[in-house]
Amino acid sequence: MQDCEHCREHYKDTPRGEDQIRNLVNRLNRIAGQLSGIKKMIEENRYCGDVLVQVSAVESAVRAFGYLVLEDHMNTCVSEKIRAGDKDIVKETVELIRKLN
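Residues numbered from 1 in each chain as written. Predicted model: local features only at pLDDT ≥ 70, side-chain atom pairs only at ≥ 80, totals over all residues. Heavy atoms only, no water.

Draft legend 1. Seen up close, unusual backbone geometry. A positive phi angle is found at N45, which is not glycine, with a value near 60°. Residue placement: N45 occurs in the loop between α2 (18-43) and α3 (48-83). When its relative accessible area of 69% is taken as the criterion, N45 is described as exposed. (Helix = DSSP H or I, 4+ residues; strand = E, 2+ residues; numbered from the N terminus. Buried < 20%, exposed > 50% of the residue type's maximum accessible area, 1.4 Å probe, protein only.)

Here it is, written out as structure tokens:
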């Protein structure tokens, strides 16, 4: 991604290490695999109950992924902004938590 001053105004940076990025990407790949499995179940005209069980599993995995990202956000970005005196970050974080639920 090209780094320009105008773009930086709209793009926030997150300090993630390579291991953390790899872990998050692996989780997303598993979720994508679960979604592909659901698609295949539909194409095979599988029983609705079986499909719904898999939908529930995907929802749970996505929610867990979101909470991992939220925890990281609070441990890094939010705590740094609070230390810097940015009080608006609390409102932003509460809104993010609402969106996760």
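Draft legend 2. Local environment of the packing of α3 against helix α4 (residues 88-100). The geometry of α3 relative to α4 is characterised by a closest axis approach of 11 Å and an angle of 180° between their N-to-C directions. Relative to α4, the element α3 is oriented roughly antiparallel. Taking contact as the criterion, the partners of R63, G66, Y67, L70, H73, M74, V78, K81 and I82 in α3 are, on α4, I89, V90, E92, T93, L96, I97 and L100. For the contact of α3 with α4, the per-class residue count stands at 10 nonpolar, three polar and three charged. (Axes fitted to C-alpha atoms, helices over the stretch in contact; angles between N-to-C directions. Parallel < 35°, antiparallel > 145°, perpendicular 65-115°, else oblique. Contact = heavy atoms within 4.5 Å. Nonpolar A, V, L, I, M, F, W, Y, C, P; charged D, E, K, R; others polar.)

Draft legend 3. Molecular detail of the packing of α2 against α3. In the contact formed by α2 and α3, the axes pass within 10 Å of each other and the chain directions differ by 165°. Taken together, the axes of α2 and α3 are roughly antiparallel relative to one another. Regarding α2 and α3, the two cross each other, and that crossing is left-handed. Facing α2, whose interface residues are Q20, L24, R27, L28, I31, Q34, L35, I38, M41 and I42, α3 presents D50, V51, Q54, V55, A57, V58, A61, V62, F65, L68, V69 and D72. Residue classes in the contact of α2 with α3 are distributed as 16 nonpolar, three polar and three charged. (Left-handed = near helix turned anticlockwise from the far one by under 90°.)

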